[in-house]
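# Coordinates in review
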Amino acid sequence: MATLLQPEKVLYLVRGEKKIRVPLSQLYFCRYCSELRSLECVSHEVDSHFCPSCLENMPSAEAKLKKNRCANCFDCPCCMHTLSTRATNIPAPLPDDPTKTTMKKAYYLACGFCRWTSRDVGMADKSVASGGWQEPENPHTQRINKLIEYYQQLAQREKLERDRKKLARRRPFMPQAFSTHVVLQRQRSGAPISALYGLSLKEGEDQKEITIESAQALDEVEPLPEDYYTRPVNLPEVTTLRQRLLQPDFQPAGASQLHPRHKHLLMKRSLRCRKCEHNLSKPEFNPTSIKFKIQLVAVSYIPEVRIMSIPNLRHLKESQVLLTLTNPVENITHVSLYTCEEGDPDDINSTAKVLVPSKELVLAGKDAAAEYDELAEPQGFQDDPDVVAFRKSNKIGFFIKVIPQREEGDVTVAFKLRHDFRNLAAPIRPTEEGEATSEAIWLTHHVELSLGPLAT
Amino acid sequence: LSEETESGVVKIAAGAVVCVESDIRGDVTIGARTVVHPKARIIAEAGPIVIGEGNLIEEQALIINSYPENILPDAEDVEPKTMSIGINNVFEVGCVSQALKIGDNNVIESKAEVGRNVILSSGCIVGACCQVNTCEVIQENTVIYGSECLRRVQTERPQPQTLQLDFLMKILPNYHHLKKTVKGNSTPARS
């Protein structure tokens, strides 16, 4: 029974730039466009950075400076778990009297999962609990920084020249190339003004010329040691590729050179509809909070179809499948189902014919207080017992008839779900007559169910 | 004769703390300063078990000297092999150990399974939920971890759990009845 609650069995079609079929729980609903949106047809923006182990927020500028790594937490270089600081008491001579020893606390890093310790790579114990640990310095940092500066300057110069050329031809849109910002910048119609602004600033600045030496090619390469092929491999000492590539600066081949690195930051992202530029999902700023400031997810607007029970399906024999429909909104929703017509371009996966109830199904509104109310008040809906199996607050169970058309393979059916949607978003045009604040619009979705294999 | 050895005597040295709720069957010898939690099971079916000193055997741990799978228990030509466990080992909650020879300072973490043909030397750590049923001698100071039972060698052996043992030896008698130890239980007054 638990397998039938898997949401991947019921897919809703999203008509975006690409046609995507995803379960409703992974979709968003733009209530300004009144359309379903999937993760691929929204733009993702970085909201805030935080460390997953110490849950510390970090402003984006600081994150960029620290290369998106936390200052306090370390990752085990062996198994990538978070390292914890442990303390031992070591006898240490008193500074005043070398003959007496007193217990001093020494701290070392240890991994709880693979039991790696900082002593394994020869890092000495530190006397402070945090802040004493340094990452090894990359020997090539200076050269790399110089190269980056040089190329940044070159890129700016090229961008200026290109902007000048484009201004001369008076093009209205400027694609922002060579942008050093992490956030993707969208096309704006006010671009010529900002480009001009940029030009005037740069001309006033005194540009410092940065030159770099070109890299020298060497003829002589250090020869391999003579026993390279004959020396037996010490397997515990060899690092795995994953361990090696997590430290691209050094890529140590030996496990005794694996130093811990600072932990990567995670980010919270906000989603924005590409057509109307409204936010679909905006998380809270606080890393410990899982709530959202704006959460326009599809399951809170669109009725959800779930499979409740599947009988034995046989080739070309009609069987009844029990589905449930849940109403997520607080007012009554009317749902009608239609079979897909012949030659429907969306209907590519179905392998069975389906007969859906022809009458309109009425779903009661979701009443948050109803679960605490023990008396189930009769809701006064006249249900056809052939169609509706049961009714429970905002959910009904109904039957569809499935006739598998193929002898082998999984049975997949598709149908259209049409329901009324009351837009509670603030209307752009104020209603003049003072009638009901929202009017219902009818939305149609294409739903596909995968009912599993035929009964043998 | 065979029935006598099967029901065997459990010899618990003085200083060991063995709770009454633990299930010890067969010919088992338990050393001093060893703590056996309630619901631990030590079963010596196919031979005696000798457990050294300073070991910590936690709840629902199973140390079993069982017959190898392809030999029937009634066959007469099976020699009883002794399972020996060294000192300062830790058998965490729910682990299963059938290894015939375990050295010192090993840690078998929760729900780990160690097969009969494995020999743990010293300082080995078998990680949680790892199953080791190869036929080999595990090198000293090896750590077996992860869902794929990856291995690595650490430079120092795990510390013996002396603090934990001392604490348990004080606290457990307050809440559980203990099995009687062999020597030094009731010393008659000497004149």
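First things first, this report covers the structure right here in the doc.

Analysis parameters
Residues numbered from 1 in each chain as written. Chains lettered and ligands numbered in written order. Predicted model: local features only at pLDDT ≥ 70, side-chain atom pairs only at ≥ 80, totals over all residues. Heavy atoms only, no water. Pairing = 2+ DSSP bridges. Helix = DSSP H or I, 4+ residues; strand = E, 2+ residues; numbered from the N terminus. Patch = residues over 30% accessible without salt bridge, like charges linked within 9 Å, V, L, I, M, F, W, Y side chains within 5 Å. Areas by Shrake-Rupley, 256 points an atom, 1.4 Å probe, with all protein chains shown as cover. Salt bridge = Lys/Arg side-chain N within 4 Å of Asp/Glu carboxyl O. Buried < 20%, exposed > 50% of the residue type's maximum accessible area, 1.4 Å probe, protein only. Contact = heavy atoms within 4.5 Å. Buried area = accessible area lost by both parts, 1.4 Å probe. Polar contact = N/O pair within 3.5 Å; in protein donor to acceptor, adjacent residues only side chain to side chain. Phe/Tyr/Trp six-rings, centres within 6.5 Å; stacked < 30°, edge-to-face > 60°.

Let's shift gears to the sheet that holds strand 5 (residues 35-36) of chain B. Residues and elements named next belong to chain B. Taken together, eight strands build an open sheet; the order of strands is 2-5-8-11-14-17-20-21 and the sheet is mixed. Only two strands of the sheet have a single partner each, and these edge strands are strand 2 (17-18) and strand 21 (150-153). With two bridges joining them, strand 2 and strand 5 adopt parallel strand pairing. Its bridge partner lying in strand 5, valine 17 is registered against valine 35.

Residue and element names in this part refer to chain A. Taken together, Leu224, Tyr228 and Tyr229 make up a surface patch of nonpolar side chains, about 420 Å² in accessible area. By the secondary structure assignment, tyrosine 228 is in the loop between helix 3 (191-204) and helix 4 (241-245). With a relative accessible area of 44%, tyrosine 228 lands in the partly exposed category.

The next subject is the interface of chain A and chain B. Each partner contributes to the interface: chain A provides ten residues, whereas chain B provides eleven residues. Interface of chain A and chain B: buried area, both sides summed, is about 950 Å²; carbon and sulfur atoms make up 48% of it. The tally of links from chain A across to chain B stands at one salt bridge. In this structure, the salt-bridge partner of glutamate 109 of chain B is arginine 115 of chain A, at a minimum N-O distance of 2.5 Å. Linking chain A to chain B there are one residue pair in polar contact (both at pLDDT 80 or more).

Residue and element names in this part refer to chain B. Taking strand neighbours across the sheet as the criterion, the six strands line up as 3-6-9-12-15-18 in an open arrangement whose pairing is parallel. Edge strands, defined here as strands with exactly one partner in the open sheet, are strand 3 (23-25) and strand 18 (131-132). Pairing of strand 3 with strand 6 (residues 41-44), which is carried by three bridges, proceeds in the parallel orientation. Paired with aspartate 23 across the strands is arginine 41, a residue of strand 6.

Looking now at the pattern of salt bridges. In this structure the tally under the stated criterion is 19 salt bridges over all chains. By sharing partners, the salt bridges in this structure join Glu35, Arg37 and Lys275 of chain A into a single network.

This part covers the packing of aromatic side chains. Think of a pair of aromatic rings as described by two things: how far the centres are apart, and how the planes are tilted against each other in angle. Residues and elements named next belong to chain A. Scanning the model with the defined rule gives six aromatic pairs over all chains in all. Judged by centre distance (5.0 Å) and plane angle (85 degrees), the ring pair of phenylalanine 29 and phenylalanine 421 falls under edge-to-face. In this pair, phenylalanine 29 sits in strand 3 (residues 28-30) while phenylalanine 421 sits in strand 21 (residues 410-422), placing the two residues 392 residues apart along the sequence. Given the relative accessible area of 0%, phenylalanine 29 is considered buried. Judged by relative accessible area, which is 3%, phenylalanine 421 ranks as buried. Taking the centre distance of 5.3 Å and the plane angle of 70 degrees together, the rings of tyrosine 150 and tyrosine 151 count as edge-to-face.

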